[in-house]
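# Fold and contact review
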Amino acid sequence: MDSSGQTYSTDGTTGPSQSPMSVKLQKDGRYYIFLVVYLVLLSALGSFVNDMYTPALPSMCRSFGCSIPLAQMGMTMGMIGLALGQLILGPVSDRYGRKPVLVGALILFIVSAVVSVFSTSIHIFNLCRLFQGIGASGGYFLARTIPADVYSGRNLARLMALVGAINGVAPASAPVVGGFTADAWGWKGVFIVLAIFAGAVLAVSPMLKESLAPSRRVTGGIRRSIEGYKSLILNKPFIIHVCFKGTALGLLFAYISSSPFILQNHYGLTQTGYGLLIGFNALFMAAGSMIALKFKPLKKAAFIGSLILAGGVAGEAVALYCIHSLVIYEIFTVMIVFALGLIFATANTLAMNEGRDRAGEASSVLGISGYVVGAIVSPLVGLGDVLHSTANTYIALAVVIIIFSLASRSLAPDLDK
């Protein structure tokens, strides 16, 4: 710390001092690699819970004899579970540590995934999806919380961007694996694979070190948790970036919900072909996540991303209404997902940097925002003509994203090194 009170991190950049664990990580390269891979797996579980079974949605409609919106309610229930789980588990992890919450959440996911295989109706299946979402939420929000326990500033940005970029493999591979699995064993095979994946993550969890030292844990009951949420909500920069990320994530869920019906029913792709194309698109989101780190100040990446997104959504809306071409649809989709990568990497980092003193609750609020929007928009894209309803939903979300982008741009840079 110099005479001005500025603290220096161990890599020589200015910013909040790092935790003892972050210093250990810099000395233990092998554990750092393990941590990155493990965080990718945790985050991937949150992606897999929706992305992996989307190729099977049309066939599930036929299997259960239900409508498209009712089948898409499975995604909505999963998102509600992801939001509800983070709301509950965030404060619990701040009080009792990250590992106990993680282990319990993984067990719940495995059990609910297995039970869903034996569903006799779409309603029972959708109920199972709620508990799958709650179980998956533990790993999903801890993939943001653990880095904030350990790092701050640009170091936090690097770790989260690295995890986000590598995790581009998750949305890229999930529809591919889901498509092959659904073609081979039907929709039930998808959830068996999901249970096995969660079991593998659970099996290696003993190697993960607890990132929240007992001295840093929150004491007290539910009142302290409510106070923590209140202080975060009143933090203007934090809440702006939460709303920015949440609305952008809602647009991603609108894309995920609508794409199987557009690509399979309208353009005639197989489940496997759909998975391969969606996986290819996800790589552009990973690229956007890594390119975001090149911007100084970091928040500039999100503003540029919102402009690219606006152009992509405008073109996509015209394509969905007037130009029925798979190539045109795909060109604008690539623009949209690349822009989302820029926004996600930036908004995630800036929000968690603001809320790192209560990282569990901050990560919960950040995650909940996206799933609240996603739960609302997922059924909307299936109402009436799916092409037109998707275009309308995209446009509405893009307008809100631009508003929060401008609000973020007006804030003073907090990561300009």
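Within every chain, residues take consecutive numbers counted from 1 along the sequence as written. Local features in a predicted model are, by the rule used here, given only for residues with pLDDT of at least 70; side-chain atom pairs are given and counted only at 80 or more, and totals for whole chains, interfaces and linings are based on all residues. As a rule here, side-chain values come from all non-hydrogen atoms in the structure, and water together with hydrogens is ignored.

## Quick word on the overall build of the protein chain
Under the scheme used here, helices are H or I runs from DSSP no shorter than 4 residues and strands are E runs no shorter than 2 residues, and both carry numbers assigned from the N terminus. Within the protein chain one finds 15 helices and 0 strands. For the protein chain, the exposed surface amounts to about 15,700 Å²; the carbon and sulfur share of it is 70%. Residue burial considers only the protein chains on display, and all accessible areas are found by Shrake-Rupley using a 1.4 Å probe.

## What about helix H11 (residues 271–291)?
Helix length check: H11 (21 residues) gives 31 Å between terminal C-alpha atoms against 30 Å at 1.5 Å per residue, within 8%. Under the rule applied, a polar contact is a pair of N or O atoms within 3.5 Å (in protein, one hydrogen donor and one hydrogen acceptor; residues adjacent in sequence only if both atoms are side-chain atoms). The residue sitting at the N-terminus of H11 and contributing the capping side-chain oxygen is threonine 270; that oxygen lies 2.9 Å from the backbone nitrogen of glycine 273. Take the residue count of a helix, subtract one, and multiply by 1.5 Å to get its expected span.

## Here's the deal with the packing of aromatic side chains
Pairing of aromatic side chains requires ring centres within 6.5 Å, counting the rings of Phe and Tyr and the six-membered ring of Trp. Pairs whose planes differ by under 30 degrees are stacked, by over 60 edge-to-face, and all others tilted. As enumerated under the stated definition, the model contains 8 aromatic pairs in all. Look at phenylalanine 280 and phenylalanine 284: their rings are 5.2 Å apart centre to centre, the planes differ by 75°, and that puts the pair in the edge-to-face class. Here phenylalanine 284 and phenylalanine 280 lie together in helix H11, a separation of 4 residues that amounts to about one turn. Only protein chains enter the accessibility calculation, which uses a 1.4 Å probe; a residue is then buried when its area is under 20% of its type maximum, exposed when over 50%, and partly exposed in between. The partly exposed category is assigned to phenylalanine 280, whose relative accessible area is 43%. An aromatic cluster of at least three residues, connected via ring pairs, comprises Phe64, Phe125, Trp187 and Phe191. We call a charge positioned above a ring when the Lys NZ or Arg CZ atom is no farther than 6 Å from the ring centre and deviates by at most 35 degrees from the ring normal. Lying over the aromatic face of phenylalanine 303, arginine 409 brings its terminal NZ or CZ to 4.1 Å of the ring centre.

## Examining a nonpolar patch on the surface
Patch rule: a residue counts if its relative accessible area is over 30% and it has no salt bridge; like charges are joined within 9 Å, and nonpolar side chains (Val, Leu, Ile, Met, Phe, Trp, Tyr) within 5 Å. Only one rule defines a salt bridge in this text: a Lys or Arg side-chain nitrogen within 4 Å of an Asp or Glu carboxyl oxygen. Taken together, the side chains of Ile80, Leu84, Leu87, Ile88, Val92 and Tyr96 present a nonpolar region at the surface, about 500 Å² in accessible area. Counting through the fold element by element, tyrosine 96 comes out in helix H4 (residues 68–96).

## Overview of the side chain of glutamine 264
As for its position among the elements, glutamine 264 is in helix H10 (residues 236–266). Two residues qualify as a contact provided that any one of their heavy atoms is within 4.5 Å of a heavy atom in the partner residue. In this view, glutamine 264 contacts Thr54, Pro55, Pro58, Ser259, Leu269, Thr270, Gln271 and Tyr274; residues no more than four positions away in its chain are not counted.

## Points about the environment of methionine 77
Note that methionine 77 resides in helix H4. Take methionine 77: its relative accessible area is 18%, and that puts it in the buried class. In this structure, the C-alpha to C-alpha distance between methionine 77 and leucine 127, residues 50 residues apart in sequence, is 7.2 Å.

## With respect to the nonpolar core
The nonpolar core is taken to be a set of buried Ala, Val, Leu, Ile, Met, Phe, Trp, Tyr and Cys residues, with the residues joined through side-chain atoms within 4.5 Å. Counting 112 residues, the largest nonpolar core has Leu251, Leu309 and Leu340 as the members making the most contacts within it. If we ignore the near neighbours within four places in the chain, the residues touching leucine 309 are Leu251, Ile336, Ala339, Leu340, Ile343 and Ile401. Ranked by size, the runner-up nonpolar core spans 5 residues in total, among them Ala292, Phe295, Ala301 and Ala345.

## A word on the confidence of the model for the protein chain
Note that predicted coordinates carrying low pLDDT should not be read in detail. Looking at any residue, its pLDDT shows the predictor's confidence there, from 0 to 100. Mean pLDDT over the protein chain works out to 80, with 86% of the residues at or above the 70 mark. Confidence, read as mean pLDDT per element, is least for helix H1 (residues 20–27) in the protein chain (51) and greatest for helix H12 (residues 299–321) (94). Scored below 50 in pLDDT, residues 1–17 makes 23 contacts in the model with residues more than four places away or belonging to other chains.

## Some points on the packing of H11 against helix H13 (residues 326–354)
Fitting a line to C-alpha atoms yields each axis, with helices limited to the stretch in contact; the angle taken between N-to-C directions then spans 0 to 180 degrees. The geometry of H11 relative to H13 is characterised by a closest axis approach of 7 Å and an angle of 35° between their N-to-C directions. The interaxial crossing formed by H11 with H13 has right-handed handedness. The segment H11 lies against H13, with Leu277, Phe280, Asn281, Phe284, Met285, Ala287, Gly288, Ser289 and Ile291 engaging Leu326, Glu330, Thr333, Val334, Val337, Phe338, Leu340, Gly341, Leu342, Phe344 and Ala345. Gly counts as polar in this scheme, as do all residues outside two lists: the nonpolar Ala, Val, Leu, Ile, Met, Phe, Trp, Tyr, Cys and Pro, and the charged Asp, Glu, Lys and Arg. Of the residues in the contact of H11 with H13, the class split is 14 nonpolar, 5 polar and 1 charged. Each helix crossing is assigned a hand: it is left-handed if the near helix lies turned anticlockwise from the far helix by less than a right angle, otherwise right-handed if that turn is clockwise.

## Some points on unusual backbone geometry
Looking along the chain, the bond that leaves lysine 296 and enters proline 297 is cis, with omega of 0°. Structurally, the position occupied by proline 297 is in the loop between H11 and H12.

## A few points about the packing of H4 against H10
The description of two helices packed together rests on the angle between their axes and the distance between the axes. Where H4 contacts H10, the axes come no closer than 11 Å and their chain directions differ by 150°. The angle between H4 and H10 places the two elements in the roughly antiparallel class. Two packed elements cross with a definite hand, and for H4 against H10 that hand is right-handed. Along its contact with H4, which presents Ile68, Gln72, Met75 and Met79, the element H10 presents Phe253, Ile256, Ser257 and Phe261. Tallied by class, residues from the contact of H4 with H10 come to 6 nonpolar, 2 polar and no charged. Should an angle fall under 35 degrees it is called roughly parallel, over 145 degrees roughly antiparallel, and 65 to 115 degrees roughly perpendicular, with every other angle called oblique.

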